[in-house]
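# Reading the structure
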Amino acid sequence: MSRTVLLLGTWHRRCGGPYYWRRAFRHAGWDVVGRGPWRADEPFGSHGREPEICQDPIDGAHNLAGTVAPDLVFLCDGGEGYRVAHLPPDVPFVHFSTEGSNMGWSIGLTPHRYAALMCNGADADVQWLPNAYDTCEHWHSDGALREYDLVQIASARPARKCLWAQLAVAASDLHIRTGDLWGPLYGAAYRHARATWVCTTLDFVSMRVVEAMAMGCVVIADRQPSMSTLFTEGEHFIGYDGVPGPHGENTPDPQWLVDTARQLRRDGDGGMAERAWRAVQPHSYLHRVERVLAEVFG
């Protein structure tokens, strides 16, 4: 007999919300019911797939009254401060946050509290998990053509848009794709690109790192402790010291980035993409689900 998990949170395609967890739970043999904020005027790809139960949170809390009786309640908090009201006392509850903030309210409600590595601090009893990649979207070593020399899409922040504009002038010989793409095109871009770059500035490892590595795409990342904790520079990624851009966000030096992309196209990556791909294999959302279920149900 199958079991049911009730997923709560913001259904955002890029922020590791219920969308990724749902696919992983279903791969693990669970029935999934989704519930969370959803705006009908949002275009497809902006917030992934519509949850099965659509209801805006009331005063920042999910009220479970009248909801299907699940075997597990799982809240994916992306820093929005969502809470769960009237938790069934006999149903296990998991609180997961990509940011690690606003988790204090769940202390004492559940021992199963997790935060992704990208957060800048969390409560002492929160278990840390590195960011993960979607269970279904990953490289299969299938020899996919790398049509793009360099890509970076989604999160069109001012510093990144400034850099994108400079690359369009400085690298006319390279096949570069930048922009604010979402949905299925996001993963496809990494599958068909030699390299991407990340601009974190703060000390965290963004989802972009794990997602790109899972697609066999070389990651060019700014040097910071969290990145070095999970990966080795020169073996799994290419490191750089950031140049401050608009709003203080670090970006690579444009000419250095162009020269690095040209070198990768000319000489290859020396096996870096495959080494990084192997390094992130334990970091899929299916692995996350299996770990959480083992800790909740024993």
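The structure contained in this document is the topic of the report that follows. (Residues numbered from 1 in each chain as written. Predicted model: local features only at pLDDT ≥ 70, side-chain atom pairs only at ≥ 80, totals over all residues. Heavy atoms only, no water.)

A word on the pattern of salt bridges. Two side chains of opposite charge can pair, provided their charged atoms sit close to one another. With the rule as written, the count across this model stands at 14 salt bridges. Salt-bridge contacts for Asp125 lead to Arg113; the nearest nitrogen and oxygen are separated by 2.4 Å. With Asp125 in the loop between β8 (113–116) and β9 (127–129) and Arg113 in strand β8, this pair connects stretches of sequence that are 12 residues apart. Note on Asp125: relative accessible area 39%, which makes it partly exposed. Arg113 gets classed as buried once you look at its relative accessible area, which sits at 1%. Between Arg291 and Glu295 there is a salt bridge, with the nearest N and O atoms lying 3.2 Å from each other. Placement of both Arg291 and Glu295 in helix α8 (residues 285–297) is noted, with a separation of 4 residues, approximately one turn of the helix. Arg291 sits in the partly exposed class, given a relative accessible area of 33%. Assessed through its relative accessible area of 32%, Glu295 is described here as partly exposed. Look at the salt bridges and you will find they share partners, linking Asp149, Asp173, Arg194, Asp259, Arg262 and Arg265 into a network. (Salt bridge = Lys/Arg side-chain N within 4 Å of Asp/Glu carboxyl O. Helix = DSSP H or I, 4+ residues; strand = E, 2+ residues; numbered from the N terminus. Buried < 20%, exposed > 50% of the residue type's maximum accessible area, 1.4 Å probe, protein only.)

Taking 1.5 Å per residue as the helical rise, α8 with its 13 residues ought to reach 18 Å, and the 18 Å between its terminal C-alpha atoms agrees with that figure. Elements that come into contact with the buried residues of α8 comprise α1 (18–27), β5 (72–77), β7 (93–97), β8, β9 and α4 (207–214). After α8 finishes, the residue Gly298 shows a positive phi value of roughly 80°. (Expected span 1.5 Å × (residues − 1). Contact = heavy atoms within 4.5 Å.)

Viewed as axis vectors pointing N to C, α1 and α8 meet at an angle of 70°, and their least axial separation amounts to 8 Å. The angle between the axes of α1 and α8 places the two elements in the roughly perpendicular class. For the pair α1 and α8, the crossing hand works out as right-handed. Along the contact surface, α1 presents Tyr20, Trp21, Ala24, Phe25 and His27, while α8 presents Tyr285, Leu286, Arg288, Val289 and Leu293. (Axes fitted to C-alpha atoms, helices over the stretch in contact; angles between N-to-C directions. Parallel < 35°, antiparallel > 145°, perpendicular 65-115°, else oblique. Left-handed = near helix turned anticlockwise from the far one by under 90°.)

Moving on: empty space enclosed by the protein. Applying the stated criterion to the full structure yields 2 cavities of 30 Å³ or more. In this structure, the second largest cavity spans a volume of roughly 30 Å³. Together, Trp21, Phe96, Ala116, Leu129, Pro130, Asn131, Ala132, Tyr285 and Arg288 line the second largest cavity. Within the lining of the second largest cavity, the residues separate by chemical class into 7 nonpolar, 1 polar and 1 charged. (1 Å grid on protein atoms, 1.4 Å probe; cavity = no way out; pocket = protein on both sides within 12 Å on 5 of 7 lines; lining within 4 Å. Points joined across faces, edges and corners; volume = space filled by probe spheres on them. Nonpolar A, V, L, I, M, F, W, Y, C, P; charged D, E, K, R; others polar.)

Bringing helix α7 (residues 272–279) into the picture now. Those residues of α7 not exposed but buried are Met272, Ala273, Ala276 and Trp277. In an axial view of α7, the angular spread of the buried residues amounts to 135°, which keeps them on one side of the axis. The secondary structure elements touched by the buried residues of α7 are α4, β13 (218–222) and β14 (238–240). (Arc of directions from axis to C-beta.)

Quick look at the packing of aromatic side chains now. Aromatic ring pairs are reported here in terms of the distance separating the ring centres and the angle at which the planes meet. Under the criterion given, the structure shown has 9 aromatic pairs. Plain terms: the ring middles of Tyr20 and Tyr285 are 5.3 Å apart, the flat faces sit at 35° to each other, and that makes the pair tilted. Taken together, the residues span a long stretch of sequence, with Tyr20 in helix α1 and Tyr285 in helix α8 at a distance of 265 residues. For the pair Tyr20 and Tyr285, a shared accessibility class is recorded, and that class is buried. With centroids separated by 4.7 Å and ring planes inclined at 45°, the aromatic side chains of Trp21 and Phe74 adopt a geometry described as tilted. In this pair, Trp21 sits in helix α1 while Phe74 sits in strand β5, placing the two residues 53 residues apart along the sequence. Accessibility assignment for this pair places Trp21 and Phe74 in one class, buried. Three or more aromatic residues joined by ring pairs form one cluster here, namely Tyr20, Trp21, Phe25, Trp30, Phe74, Phe96, Tyr285 and Phe297. Arg3 extends its terminal NZ or CZ atom over the ring of Phe297, reaching a point 4.6 Å from the ring centre. (Phe/Tyr/Trp six-rings, centres within 6.5 Å; stacked < 30°, edge-to-face > 60°. Lys NZ or Arg CZ within 6 Å of the ring centre and 35° of its normal.)

Now for the side chain of Glu249. Note that Glu249 resides in the loop between β15 (243–244) and β16 (250–251). Each residue touching Glu249, except ones within four places of it in the same chain, is listed here: Arg157, Ala159, Arg160, Cys199, Thr201, Val243 and Pro244.

Here the focus is the pairing of β7. Each regular strand displays side chains that alternate between the two surfaces of the sheet. Among the 5 residues that make up β7, 5 are buried, leaving the element largely enclosed by the rest of the structure. Side-chain alternation along β7 places Phe93, His95 and Ser97 on one buried face and Val94 and Phe96 on a second face that is also buried. In this structure, β5 lies alongside β7, joined through 5 bridges in parallel fashion. Directly across from Phe74, in β7, lies its bridge partner Val94. Here β7 pairs with β8 via 3 bridges, running parallel. Bridge pairing in β8 links Phe96 to Tyr114. (Pairing = 2+ DSSP bridges.)

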